[in-house]
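Residues per chain are reported as follows:
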Amino acid sequence: MDTKFIGKKSAAAGGWGALKSCGKQLLQSGMPISGARTMLKANQPDGFDCPGCAWGDPEHGSSFEFCENGVKAVAWEATEKRATPALFAENTLSQLRQLTDYELELNGRLTHPMRYDAASDRYLPVAWEDAFAEIGAILKGLDHPNRAEFYTSGRASNEAAFLYQLFVRVYGTNNFPDCSNMCHEASGIAMRQAVGVGKGTVLLEDFEEADAIFVIGQNPGTNHPRMLGDLRRAAIRGARVVVFNPIRERGLERFSDPQDKVEMLRGGSTDIASLYLQPQLGGDMAAVRGMAKAVLAAEDAAVAAGLPSILDHAFLAEHCAGFAEYRAAVDATSWAEIEDQSGLSRQEIERAADVYINAERVICTWAMGVTQHLHSVATIREIANFMFLRGNIGKLGAGLCPVRGHSNVQGDRTVGINEKPSDDFLDALEKHFRFTVPREHGHNVLAAIGAMLDGSAEAFIGLGGNFARATPDSALVEKALRRLKLTVHIATKPNHSHLMPGETAFILPCLGRTEMDLNTAGNSQLISVEDSMSMVHGSAGINRPASPHLLSEVAIIAGIAQATVGSTVVDWAELADDHDRIRDHIEATIPGFENYNARLRKPRGFHLRNTAAHREWHTPAGKASFSSEALPEETVHQQARKGEGRFALQTFRSHDQYNTTVYGLDDRYRGVYGERQVIFIHPADLNAMNAKAGDRVDVVGEHDDGIERIAADFRFVPYDIPRGSIAGYYPELNVLVPLGSAGRESDTPTSKSIMVSFRRRKAV
């Protein structure tokens, strides 16, 4: 059996392996020298915002901060390779669909606007004016604006996103399926319920003051490596880092900082996690409930012994509602239930609770390992409950920290990309722009796919992203896109969504984050983004555009808007030529953006005030609100063990990947090389199936809806993961994620809770 793809894992995250990987990416881009120079301007006051993750920048500023993901993202965007019209002339879409995601994007940057020709099954060049006119004509020809879907990727700037939502609402719909529907929707909903604001309550500086940091369902080593630097510095000064993650992730175990010369020269590294616990998939809520139970027990013991209180009674009395009901819910939850559902022992959970009890300032941070389950909203409410117990909201070195993915996914929501906009926001738009805004709630991602499948949606416009590969139930989504009257993709590189054209289809190439956007006067345009810490900062590209035919996202949106709704309400051309004017409109309609243009031009930008961080609670109760919800009746791993040969699957990224973009085929932190169709599984589970490393299987979805879902030809990799739980990469495994399985309240696909079985393949 071939197991050459399974190799040695990196001894630590970062280190020389990171530098070697960065060099490889820069060489592959064809721009090793200019690419390195470009990186020096990433996340700097006079440069551009990294197009990678949304990890924050410090208010106090810093020198260049090395990030392997940032190098990969910049090299990917600043490549010298070009996907010219010749690529499409030489290949039909049927041929291009045979390429992997990695192979397709290796063709490089798109250079010309393209229109699909069904007769030849090829994209052909088209003039911008003609593309805008035809798109506008089709949109105007629909019998209702709700028949169009307007998708947004988190890479879009604040200016592009605001202009996009303004155009769509002038057009007449709130159909805004957004990438956030698939990641942190549960965070926003749960935190608004708990503390009155759907954003994290911490600044990056809080990580310098925390006594303990709880990292739940998150892998910063791959997804936001700059966070490892902050965790490393915290660990060095003595802060405790407690990790809850089913998978043993190298970046959460050890990190070698490429910017620490002594550590690099000595080949050393720093321990990150002081306690690493591996719950079963879906077991995080039970684990956090268990910690709360241990804290409350310690409080009772302290009171009985006449010792100082464990709880922050002043905070609970002044700032919280529902504590008594929550206490009753915790008391009613047995340790047997907690242990069974979490997959952890009482002793392990009590050790984590001891860290919390002995820390004055605690940060809790999480990502999609928490948000992509049926009960994600309830889990995040439980995390908030836990943090309330000792007043760990609204004080230095403490707070809630959901870590977003794409660089501006949080900013897009702030400036209006929301299928369920608030009345206050719509009122402000209506008053300022003097048009009647649509009030009916629109479609999120799953609703949009449903509308495309049943024929009630006829057009799709994607502002960035790779919709077909990012979404669940890949085969159904391909079918949904190809039955539309119109598909439009605004993009920098070709991807598989472009190969699923509607009756009329366009690819509209845009400038990247690293490239200069010059207006008609020849002045460089500034855009802005918001990171996970609510810091808003400017970004100005420094590279020459990949093609003279590229337009900015703002200019493309303005062109489509002009052709669709005209300029009676908004002078789109004026806004496209002067981004300061867009920011003036944002300032006039969205609280927190006062003096936007002036503050944006200050080094490091400015912070959007977070009311919960100041202990101002915009909840129905007017206080931080406990949730007393019971644990789920059953989680995916509890269901799986009832059926013979069934497993609970989670999808995640490889280390050479960011979202659906695959930079390379190695995952050195997990010891997999040159292969993506793999399943990580506990060695004892392999033995129980009489299987071994490298064996080939088809992974079969076990969702009970009558639809056959198969991910064909995957190979086993023995790994440190709880028995009964398995893991593998997306987008390859998205075909197994059912549209009909979504988080309660969040409507987020349950990509971390997929029931599957295996079908053995014959050896080749």
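Residues numbered from 1 in each chain as written. Predicted model: local features only at pLDDT ≥ 70, side-chain atom pairs only at ≥ 80, totals over all residues. Heavy atoms only, no water.

Caption draft 1: Region of interest: the sheet that holds strand β22 (residues 647–652). The strand order around the closed barrel formed by six strands is β22-β30-β27-β29-β28-β31, and the pairing between neighbours is mixed. Sheet twist, expressed as the average angle between the axes of neighbouring strands with direction ignored, equals 45°. (Pairing = 2+ DSSP bridges. Helix = DSSP H or I, 4+ residues; strand = E, 2+ residues; numbered from the N terminus. Axes fitted to C-alpha atoms, helices over the stretch in contact; angles between N-to-C directions.)

Caption draft 2: Structural view of the pairing of strand β8 (residues 240–244). Among the five residues that make up β8, four are buried, leaving the element largely enclosed by the rest of the structure. Bridging between strand β7 (residues 212–216) and β8 involves five bridges; their strand directions are parallel. By the bridge assignment for β8, Ile-213 is matched with Val-241. Sheet topology places β8 next to strand β11 (residues 275–277); three bridges connect them, and they run parallel. Following the sheet pairing, Val-242 is matched in β11 by Leu-275. (Buried < 20%, exposed > 50% of the residue type's maximum accessible area, 1.4 Å probe, protein only.)

Caption draft 3: View of the packing of helix α7 (residues 128–141) against helix α26 (residues 553–565). With their axes 8 Å apart at the nearest point, α7 and α26 run at an angle of 50° to one another. When the interaxial angle is binned, α7 and α26 end up oblique. Our pair here, α7 against α26, has a crossing hand that is right-handed. Each of Trp-128, Phe-132, Ala-133, Ile-135, Gly-136, Leu-139 and Lys-140 in α7 lies in contact with α26, whose residues at this interface are Ala-555, Ile-556, Gly-559, Ile-560, Ala-563 and Thr-564. A per-class count over the contact of α7 with α26 returns nine nonpolar, three polar and one charged. (Parallel < 35°, antiparallel > 145°, perpendicular 65-115°, else oblique. Left-handed = near helix turned anticlockwise from the far one by under 90°. Contact = heavy atoms within 4.5 Å. Nonpolar A, V, L, I, M, F, W, Y, C, P; charged D, E, K, R; others polar.)

Caption draft 4: Region of the structure containing unusual backbone geometry. Each neighbour pair has its own omega, and for Tyr-730 with Pro-731 the value is 10°, a cis peptide bond. At Asp-473, a residue that is not glycine, the phi angle is positive and equals roughly 50°. Phi is positive for Asn-595, close to 50°, though the residue is something other than glycine.

By themselves, these figures tell us nothing about what the structure is for.
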